Amino acid sequence: MTEKEYGSYQCPRCGQPTTCVRNTMSFDNHITRRRVCLTCGETHETIEMRVDSMSVLNFANRITREAEAEAARASGVCA
Ligand SMILES: [Zn+2]
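Cut-off values and rules
Residues numbered from 1 in each chain as written. Predicted model: local features only at pLDDT ≥ 70, side-chain atom pairs only at ≥ 80, totals over all residues. Helix = DSSP H or I, 4+ residues; strand = E, 2+ residues; numbered from the N terminus. Contact = placed C-beta atoms within 7 Å. Pairing = 2+ DSSP bridges. Axes fitted to C-alpha atoms, helices over the stretch in contact; angles between N-to-C directions. Buried ≥ 20, exposed ≤ 12 C-beta atoms within 10 Å, placed from the backbone. pLDDT = per-residue confidence, 0-100.

With that settled, consider the overall build of the protein. Check the secondary structure of the protein and you find 2 helices and 3 strands. Along the chain direction, N to C, the helices and strands of the protein fall in the order α-β-β-β-α. Put simply, 29% of the contacts in the protein that link residues at least 6 apart link residues at least 24 apart.

Written out as structure tokens, the structure reads:
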């Protein structure tokens, strides 16, 4: 785990940070995001677990900030 993923999510296929979120589904224990890469067209899903532990505050901070960034990105790039 590095801090690198915090900034821009990179496509698992071509490695470019050009993915955007097409759809987000929230469940009780996790969040599923459907992403599409604007470079190679790869579509895939990422799953973020909601954790219930002592580190929940850090994790919630991260998720909140990431969600805000992705909401802005999704509305702008991928309309
Ligand atoms: Zn790609």
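Looking now at the sheet that holds strand S1 (residues 19-26). Read across the open sheet, the 3 strands follow the order S1-S2-S3; overall the sheet is antiparallel. Each edge of the open sheet is held by one strand with a lone partner, namely S1 and strand S3 (43-49). The mean angle between the axes of side-by-side strands here comes to 25°, regardless of whether they run parallel or antiparallel. Bridging between strand S2 (residues 30-37) and S3 involves 7 bridges; their strand directions are antiparallel. Residue pairing for S3: Arg 33 is matched across the bridge by Thr 46.

Once that is clear, we can look at the environment of Val 36. Within the secondary structure layout, Val 36 lies in strand S2. C-beta crowding within 10 Å serves as the criterion here: with 18 such atoms nearby, Val 36 is assigned to the partly exposed category. Sequence-wise, Val 36 and Arg 22 are 14 residues apart; in three dimensions their C-alpha atoms are separated by 6.8 Å. Val 36 has contacts with Thr 19, Cys 20, Arg 22 and Thr 43, leaving out every residue within four places of it along the chain.

Averaged over the protein, the pLDDT score is 79; the fraction of residues at 70 or greater is 72%. Mean pLDDT values for the elements of the protein range from 44 in helix H1 (residues 4-7) up to 93 in S2. Across residues 1-7, where pLDDT falls below 50, the model places 0 contacts with residues more than four positions away in sequence or in other chains.

Within a regular strand, the side chains alternate between the two sheet faces. Here 7 bridges tie S1 to S2, and the two strands are oriented antiparallel to one another. Following the sheet pairing, Asn 23 is matched in S2 by Arg 34. A loop of 3 residues connects S1 with S2, the two strands running antiparallel in sequence.

In this structure, Thr 19 sits in strand S1. Note: C-alpha distance between Thr 19 and Leu 38 (19 residues apart in sequence) is 5.9 Å. Residue contacts for Thr 19: discarding those within four places in its chain leaves Tyr 9, Cys 11, Arg 35, Val 36 and Cys 37.

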